[in-house]
Amino acid sequence: MSTVICDITVSVDGYAAGLDQTEERPFGDDGGDGSGALLHAWMFETPDENREEIDRLSTAGAFVMGRNMFGPVRGAWDRPWNGWWGDDPPFHAPVFVLTHHAREPRPMDGGTTYHFVTDGIAAALAQARAAAGDGDVTVLGGATTVNQYLCAGLIDELRLHIAPFTLGSGTRLFEGVPPLRLEQLSARPTSLVTHVTYRVTGCLPDPGARE
């Protein structure tokens, strides 16, 4: 069975985006201009020293993302928004978008097709697994979507890219997630980020539980 991977960039205090996201500022109050440039500087300012991790981003056979990561449109699809990612998104594979509002699949340039899933995270993952075949499935985010998959025990591997600053507020990884047992597989620092990969091996015992 394919491996289910979370691949996400966070600040040192665990935030994947700041507060007050808008169409013009997809990462909200992120310590910069809201574009995510500070969080993701490792990808754009120092790509050579992070080439291995950048290349791994596009190796999945299918992807899952939350609607908030797809774009800022809320409620019914009342305009033809096709995502933050432009006409040729970087995924080049099927992407399953979690939403409460049905929409027909949207093919894009470069091999990406967005599929809109209205019946929950398990259904989106099942469809992504089927589309990926023998390939892996990557849950891209945002953090709220990743947290749902972690709570359900559906993530096998966490690939965290930890940027060296704090945000203090926003959308936080692990928010509301039960204590997890993680096995560290690798850690690699570069000038603008530290890459850490964990295998999720289970949940820790609840210290408040009674035998």
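Please read these numbers as outputs of a predicted model, since none were measured by experiment. Here the residue numbering is sequential within each chain, running from 1 through the sequence in written order. Thresholds applied to this predicted model are a pLDDT of at least 70 for local features of residues and 80 or more for the giving and counting of side-chain atom pairs; totals over whole chains, interfaces and linings are not thresholded and use all residues. Hydrogens are left out, water is left out, and the side-chain values use all remaining heavy atoms of the structure.

Participant: Would you mind going over the overall build of the chain with me for this structure?
Facilitator: For the chain, the helix and strand inventory stands at five helices and eleven strands. If one aligns the C-alpha atoms of the chain with their principal axes, the spans along those axes are about 50 × 40 × 30 Å. Of the roughly 10600 Å² of accessible surface on the chain, 51% is carried by carbon and sulfur atoms. Taken together, the 15 basic and 28 acidic charged side chains of the chain have centroids lying 4 Å from each other. Going along the chain from the N terminus, every DSSP run of H or I of four or more residues is numbered as a helix, and every run of E of two or more is numbered as a strand. All accessibility values rest on the Shrake-Rupley procedure with a 1.4 Å probe; residue burial counts only the protein chains present in the view. In this count, Lys and Arg are taken as positive residues and Asp and Glu as negative ones, while His and the chain termini are left out. A charged residue contributes its charge at one atom only: NZ of Lys, CZ of Arg, CG of Asp or CD of Glu.

Participant: Help me out: how do you make sense of the side chain of histidine 195 in this one?
Facilitator: Tracing the sequence through the fold places histidine 195 in strand 11 (residues 194–203). Discounting chain neighbours no more than four positions away, the residues touching histidine 195 are Trp42, Asn50, Glu53, Leu160, His161, Ser186, Ala187, Arg188 and Thr190. When checking whether two residues touch, look at their non-hydrogen atoms; a contact exists if any pair is within 4.5 Å.

Participant: Explain helix 4 (residues 121–132) to me, please; I cannot follow it from the model alone.
Facilitator: One full turn of an α-helix is made of 3.6 residues, so residues set three or four places apart face in the same direction. For a helix, the expected span equals 1.5 Å multiplied by the residue count minus one. With twelve residues, helix 4 should cover 16 Å at 1.5 Å per step; its first-to-last C-alpha distance of 16 Å lies within 8% of that length. Only protein chains enter the area calculation, which uses a 1.4 Å probe; residues under 20% of their type maximum are buried, those over 50% are exposed, and those in between are partly exposed. Burial in helix 4 covers these residues: Ile121, Ala123, Ala124, Leu125, Ala128 and Ala132. Of the surrounding secondary structure, the elements contacted by the buried residues of helix 4 are strand 1 (4–11), strand 3 (62–66), strand 4 (94–98), strand 6 (113–117), strand 7 (137–141) and helix 5 (143–151). Looking one or two residues beyond helix 4, the residue adopting positive phi is glycine 133, at roughly 65°.

Participant: What is the right way to look at helix 5 in this model?
Facilitator: Those residues of helix 5 that sit buried are Ala143, Thr145, Val146, Asn147, Tyr149 and Leu150. Looking one or two residues past helix 5, glycine 153 carries a phi angle of roughly 70°, positive in sign.

Participant: Quick question: what am I supposed to make of the sheet that holds strand 4 here?
Facilitator: Backbone-to-backbone hydrogen bonds join strands into a sheet, with any given pair of strands oriented parallel or antiparallel. Spatially, the nine strands line up as an open sheet ordered 5-6-4-3-7-1-8-11-10, and their pairing is mixed. Since the sheet does not close on itself, it has two edges, and those belong to strand 5 (106–107) and strand 10 (180–189), each with one partner. Here a strand pair is declared whenever DSSP counts at least two bridges between the two strands. Across four bridges, strand 3 lies against strand 4 in parallel orientation. Note that in strand 4 the partner of methionine 65 across the bridge is valine 97. Helix axes are fitted only over the stretch in contact, all axes being lines through C-alpha atoms; the angle between N-to-C directions runs from 0 to 180 degrees. The sheet strands contacting helix 5 are strand 1, strand 3, strand 4, strand 7, strand 8 (157–163) and strand 10, and the helix crosses strand 7 at an angle near 130°.

Participant: For this particular structure, what's the right way to read the pattern of salt bridges?
Facilitator: Pairing between side chains of opposite charge can happen when the charged atoms of each approach one another. We define a salt bridge as a contact between a side-chain nitrogen of Lys or Arg and a carboxyl oxygen of Asp or Glu at a distance within 4 Å. For the structure shown, the criterion picks out four salt bridges. Here glutamate 53 and arginine 188 are joined by a salt bridge, their closest N and O atoms 2.7 Å apart. With glutamate 53 in helix 2 (residues 51–56) and arginine 188 in strand 10, the pair connects residues that are 135 residues apart, well separated along the chain. Looking at arginine 188, the relative accessible area reads 30%, which means it is partly exposed. Put simply, arginine 159 and glutamate 157 hold a salt bridge, and the shortest N to O gap is 2.8 Å.

Participant: For this particular structure, what's the right way to read the pairing of strand 7?
Facilitator: Regular strands show a simple pattern: their side chains alternate between the two faces of the sheet. Across the five residues of strand 7, five count as buried, placing the element largely inside the fold. Direction of pairing for strand 1 relative to strand 7: parallel, over a ladder of three bridges. Bridging from a neighbouring strand, cysteine 6 pairs with valine 139 of strand 7. Relative to strand 7, strand 3 is paired through four bridges, and the arrangement is parallel. Residue pairing across strands places phenylalanine 63 opposite threonine 138, the latter belonging to strand 7.

Participant: Even after reading the chapter, I still don't get the environment of alanine 126, so can you show me in this structure?
Facilitator: Position of alanine 126 among the secondary structure elements: in helix 4. A residue is classified by how much of its surface remains accessible, and alanine 126, at 46% relative accessible area, is partly exposed. Between the C-alpha atom of alanine 126 and that of serine 2, which follows or precedes it by 124 residues, the distance is 11 Å.

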